[in-house]
Amino acid sequence: MNRITVRSRQCGAATITILLLVGVSISIAVLGSLHYIQGSQNQSLTMHAQTLAQRKAWVGVDLTKKYLNALNSSQLEELIDSLPLKAEVGQTQLTLKPSVSDPNIHLSLFKEEVDDKTYLYAEVNAEAAKGTKAYSNSSIEAVFELQHTGTQSPIKSCSMVRTAVLRGATDLTGGGTDFLSGDALSDIAVEGNLTLTNSSKSGISGCVSGDVYMNGGGIKRNANLYIGGRFTLESMSTPEHVGVWARDIDIGNSGKGVYEYLRAGAFSAEVLDDTGNLIGTAGIGGKLLNDAGAAGSSKDLGVLLPSKNLKFVVETTSGGRLLVDLSDANIENSTGFVSGFASEVLDGDDSLPSVIQFVTTGVLGGNIDIFTLTVGELWGQKIVSDGYDANYTNVFSNGDFSVGTGNIGSLIGGGNLRANKGGCSSDSNCWNLPKILNPSQIAGELSIGDYQGNATLNNLVQKMTGINSSLPGVPYCDTRVAKVVADDYKASANYIFEEVDGKRHLTIQNVSLADGTSLDGVYDLQTDELRFFGDQPFLSCGWGSGHCFRNNEIWELNGISSFPPGIAWFDRSLKINGVGSNDAVNNVGKNLLNTFVTTGDLELASSGHGKLIAPNFNPSELCSGGIVPTNLCTPDGKLVGDEETGLALANSSIISQGGLNVQGWVIDGHVTLGGAVTTSGSKVFINGGLVVGSNAPASVSVGAGGLEVNTQGLSQGQLQKDCSTQTGGSSESGWQLKYNTPIWTRYL
């Protein structure tokens, strides 16, 4: 018993010893775990503080940018004069240290002058978790370029003059293409050739710099087409009250259309100063001073009394090009000297003297080939009218005129008249002749078919002297637009999506919640929570509550559930692939209330979606919702501006430095593209203006669904667009920022 008892006591001591050792081991492990957890927490806090410091540093850069943009020329000059120069290597850099409202952001400024350029350096240092072990700071250097004298003050807005400007070869082959304008605008301006085929109805009016070919569909009622090249119309529905003004006109046997006018041709002319020195050449309409029948005179050569109806281009002897407007000019009828005209430089830096004169050297175009039509005014160089029962109210033929049967109200002809369907058995027995209803005259003779006699027509005087040569001119199509430079709009954007040092950032500026809480700052799209700010939905995708831009290599909004209202700027191409809802904006359903600005292309895919609406086109939801762009809205919920018309930029729904591929969307707002546009799927509606190819000539490709561009329902305020200095501006001397944003930034 005792032995057993002793053994039992020995066993108990060993157990206790083992338990003690195990307990010590567990304690050590727990203490180690606690130390590890504390270290991890400290590391996490440090990383969080570092991110916060970087964000604050970018906020400091943004504050500096806004501050500099707010300064006028004299204030900016005063600031520049007070800045120390950049120090040489090895020397201490002196800086100006403005105060910043946030005590955790510190700003230092200095300048550098290189040749004739001045740069402002802003060093921003931001701190986070001050007074703790997690303390972090981040420093960023931002450089702004300044310019002095001779600059153009930016134009905030300008009024649209055309519904669409299409710069490049344009092929409209869809199931229906319409350009609809109110009284204030003409429809389109096309640089290059325009082709309309297989279209059920192509509503078009405006100007084209090249040739126009139409086959299939029709031209809308009361359209006016001004064409720098040849107009060719084949099989189309019958035009009604259409006007065509071109270099040459060819209208096939497409039915008895009704035209207000058909005009073609111009004189080629030398442009002289008042002493007879050659300045350049031009193609221009007008009437010659010399009589066609004067001894030794050539019919189409001489001093020209130019027409005031069309602008035209003068190509100077040194290679420059100027656009000339004679609408308010003084023209001396006895000499042809012209003064008091207006001119604009298109290429080069030439100017015209105060007095000029035009001496013709020949004829440009002027050929009109038509079938049976009803025309108010028919005017060209050589006119051929085939067919029967035509009706021409007034005919001006600078050369020969060949016509079938029908009625001619009056005729002034500089050549011969031929009745091409007629015939005669004698001078008094002829058939299939045109009827001239009022006294008319021609410089040449009448011929009837192959008849060799001397038959006449009532109201026609032949071999008339004193008929001066005249031609209407060839239209100039003005397609000048400012280039799209996305960076110009960055300072006005509310949401800037960009990659900085390999990280995707969202910079929010001029945005607050409904209670006034500012959302301005720089956010990491990979790590920061942006689906909500408090209870307010902000940015979510995936047809639900997923994050946006975390799992794709491009900027792609896939299945939007929330996207905040205002101006969104992207540093590359953007794809919008469906909108399930938009909880960030009240009462808009699946609609997006935005201006999208991209440095690359924009694609609007066919997945489920609502409309894309420019911010100013729905001011109530823009300015009275849970998220408010404060640069677009006043504190009392109105659009900014004296007449509450809003920032002109927010009348646009799309501004792309690249092109647009759109599949069946309705877009309320203007669309401006540096590149091409392609439509497919269902019909695309743009309730606003359209500019294509502003950076380089680009194509317009309309799919089977068709395209409608309509400015009829827009207010005068909505017809304002943001304009760059490339379209003009008032000259202003003094200091200005050359760009609204830094030319480069880096972490220090």
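Residues numbered from 1 in each chain as written. Predicted model: local features only at pLDDT ≥ 70, side-chain atom pairs only at ≥ 80, totals over all residues. Heavy atoms only, no water.

So, the overall build of the protein
For step 1, the next point in the chain: Looking only at helices and strands, one finds three helices and 68 strands in the protein.
For step 2, the next point in the chain: Split into buried and exposed, the 748 residues of the protein put 50% on the buried side.
For step 3, the next point in the chain: Accessible area for the protein stands at about 33000 Å²; split by element, carbon and sulfur atoms hold 49% of it. (Helix = DSSP H or I, 4+ residues; strand = E, 2+ residues; numbered from the N terminus. Buried < 20%, exposed > 50% of the residue type's maximum accessible area, 1.4 Å probe, protein only. Areas by Shrake-Rupley, 256 points an atom, 1.4 Å probe, with all protein chains shown as cover.)

Brief notes about the pattern of salt bridges
Pairing between side chains of opposite charge can happen when their charged atoms approach one another.
For step 1, the next point in the chain: Evaluated as defined, the whole model comprises 20 salt bridges.
For step 2, the next point in the chain: For E141, the salt bridge goes to R746, with nearest N and O atoms at 3.0 Å. Here the residue E141 occupies a position in strand 3 (residues 136-148), and R746 occupies one in strand 68 (residues 744-747), the gap between them amounting to 605 residues.
For step 3, the next point in the chain: The class of R746 is partly exposed, set by a relative accessible area of 42%.
For step 4, the next point in the chain: Here K490 makes a salt bridge to E498, at a shortest N to O gap of 2.8 Å. Across this residue pair, the class does not change: K490 and E498 are buried.
For step 5, the next point in the chain: The network of salt bridges with shared partners includes E344, D478 and R480. (Salt bridge = Lys/Arg side-chain N within 4 Å of Asp/Glu carboxyl O.)

A closer look at empty space enclosed by the protein
To locate leftover empty space, one rolls a probe as large as a water molecule over the atoms.
For step 1, the next point in the chain: Taken as a whole and assessed by the stated rule, the structure comprises three cavities of 30 Å³ or more.
For step 2, the next point in the chain: Approximately 80 Å³ is the volume attributed to the largest cavity.
For step 3, the next point in the chain: Together, T51, Q54, R55, W58, K503, H505, V522, Y523, D524, D528 and Y747 line the largest cavity.
For step 4, the next point in the chain: Elements with a minimum of two residues in the lining of the largest cavity: helix 1 (2-70), strand 44 (503-508) and strand 46 (521-524).
For step 5, the next point in the chain: By residue number, the principal contributor to the lining of the largest cavity is helix 1, which donates four residues. (1 Å grid on protein atoms, 1.4 Å probe; cavity = no way out; pocket = protein on both sides within 12 Å on 5 of 7 lines; lining within 4 Å. Points joined across faces, edges and corners; volume = space filled by probe spheres on them.)

Description of the state of the cysteines
For step 1, the next point in the chain: Under the definition given, this model contains four disulfides.
For step 2, the next point in the chain: Here C207 engages in a disulfide with C477; their sulfurs sit 2.1 Å apart. When the S-S torsion is 65°, as for the bridge of C207 with C477, the disulfide is right-handed. Of this pair, C207 sits in strand 12 (residues 206-208) while C477 sits in the loop between strand 42 (470-471) and strand 43 (495-500), and the two are 270 residues apart along the sequence.
For step 3, the next point in the chain: With a sulfur-sulfur separation of 2.0 Å, C541 is cross-linked through a disulfide to C548. Disulfide C541 to C548: torsion about the S-S bond roughly 95°, handedness right-handed. (Disulfide = S-S within 2.5 Å.)

What about helix 2 (residues 73-82)?
For an α-helix the count is 3.6 residues per turn, leaving residues at separations of three or four pointing the same way.
For step 1, the next point in the chain: Taken residue by residue, helix 2 has S73, L76, L79 and I80 as its buried positions. All buried residues of helix 2 fall inside an arc of 125° around its axis, so they share one side. Relative to its buried face, helix 2 has exposed residues pointing more than 90 degrees away, namely E78 and D81. (Arc of directions from axis to C-beta.)

What to know about the pairing of strand 61 (residues 684-687)
For step 1, the next point in the chain: Of the two faces of strand 61, the one holding V684 and I686 is buried and the one holding F685 and N687 is not buried anywhere.
For step 2, the next point in the chain: In this structure, strand 58 (residues 666-668) lies alongside strand 61, joined through three bridges in parallel fashion. Across the sheet, D668 pairs through a bridge with N687, a residue of strand 61.
For step 3, the next point in the chain: When strand 61 meets strand 64 (residues 707-710), the two strands line up parallel, connected through three bridges. Each residue of the ladder has a partner; that of I686, found in strand 64, is V709. (Pairing = 2+ DSSP bridges.)

Side note on the side chain of S562
For step 1, the next point in the chain: Its location among the elements puts S562 in the loop between strand 49 (555-560) and strand 50 (566-570).
For step 2, the next point in the chain: When its relative accessible area of 2% is taken as the criterion, S562 is described as buried.
For step 3, the next point in the chain: The residues contacting S562, other than those within four sequence positions of it, are P537, F538, L539, S540, S581, N582, D583 and A584. (Contact = heavy atoms within 4.5 Å.)

Quick notes on the nonpolar core
For step 1, the next point in the chain: Membership of the largest hydrophobic core comes to 124 residues, with the highest contact counts inside it found for F231 and F497.
For step 2, the next point in the chain: Those residues in contact with F497 that lie beyond four places of it in its chain are H505, L506, L525, L539, F549, W555, F563, A568, W569, F570 and D571.
For step 3, the next point in the chain: Among the nonpolar cores identified, the runner-up in size contains 24 residues, and L83, L120, A126 and W735 belong to it. (Core = buried A, V, L, I, M, F, W, Y, C linked by side-chain atoms within 4.5 Å.)

Section: the packing of aromatic side chains
For step 1, the next point in the chain: A complete count under the given rule lists 18 aromatic pairs for this structure.
For step 2, the next point in the chain: Summarising the aromatic geometry, the rings of Y226 and W245 are spaced 6.2 Å apart at their centres and angled 40° between planes, so their arrangement reads as tilted. Taken together, the residues span a long stretch of sequence, with Y226 in strand 14 (residues 224-227) and W245 in strand 16 (residues 242-246) at a distance of 19 residues.
For step 3, the next point in the chain: Between W555 and F570, the aromatic rings sit 5.9 Å apart at their centres with planes inclined by 70°, giving edge-to-face as the arrangement. (Phe/Tyr/Trp six-rings, centres within 6.5 Å; stacked < 30°, edge-to-face > 60°.)

Some thoughts on the environment of A126
For step 1, the next point in the chain: Assignment of secondary structure puts A126 in strand 2 (residues 117-128).
For step 2, the next point in the chain: The class of A126 is buried, set by a relative accessible area of 0%.
For step 3, the next point in the chain: Aside from chain neighbours lying at most four places away, what touches A126 is A53, K56, A57, N104, I105, S136, N137 and S138.

Details of the environment of S351
For step 1, the next point in the chain: Of note, S351 is situated in the loop between strand 27 (342-347) and strand 28 (355-364).
For step 2, the next point in the chain: In this structure the C-alpha to C-alpha distance between S351 and I279, which are 72 residues apart in sequence, comes to 9.7 Å.

A few points about the confidence of the model for the protein
For step 1, the next point in the chain: Looking at the protein, pLDDT values average 86 and 87% of them are 70 or higher.
For step 2, the next point in the chain: Overall, residues 1-10 carries pLDDT values under 50, and its contacts beyond four positions in sequence, including any with other chains, amount to zero contacts.
For step 3, the next point in the chain: Note on residues 149-156: pLDDT is under 50 here. Beyond four places in sequence and across chains, it has 28 contacts. (pLDDT = per-residue confidence, 0-100.)

A few points about the pairing of strand 22 (residues 302-306)
Moving residue by residue along a regular strand, the side chains alternate between the two faces of the sheet.
For step 1, the next point in the chain: Of all five residues in strand 22, four are buried, a share of seventy percent or more.
For step 2, the next point in the chain: Here strand 21 (residues 286-288) runs beside strand 22; their pairing, made up of three bridges, is antiparallel. The residue of strand 22 that forms the bridge with K287 is L305.
For step 3, the next point in the chain: Inspection of the sheet shows strand 22 paired to strand 28 by two bridges, in the antiparallel sense. Looking across to strand 28, one finds that V303 is bridged to V359.

Digging into the environment of N591
For step 1, the next point in the chain: Note that N591 resides in the loop between strand 51 (574-579) and strand 52 (592-598).
For step 2, the next point in the chain: Since its relative accessible area comes to 17%, N591 is described here as buried.
For step 3, the next point in the chain: Sequence spacing of N591 and V666 is 75 residues, and the spatial spacing of their C-alpha atoms is 9.8 Å.
For step 4, the next point in the chain: Beyond its immediate chain neighbours, meaning those up to four positions away, N591 contacts N582, G610, K611 and I613.

Observations concerning unusual backbone geometry
For step 1, the next point in the chain: For N459, which is not a glycine, the phi torsion comes out positive at approximately 70°.
For step 2, the next point in the chain: Residue placement: N459 occurs in the loop between strand 40 (446-448) and strand 41 (460-461).
For step 3, the next point in the chain: The partly exposed category is assigned to N459, whose relative accessible area is 35%.
For step 4, the next point in the chain: One non-glycine residue, N510, lies in positive phi territory at about 60°.
For step 5, the next point in the chain: Mapped onto the secondary structure, N510 falls in the loop between strand 44 and strand 45 (511-513).
For step 6, the next point in the chain: Exposure remark for N510: the relative accessible area of 21% places this residue in the partly exposed category.

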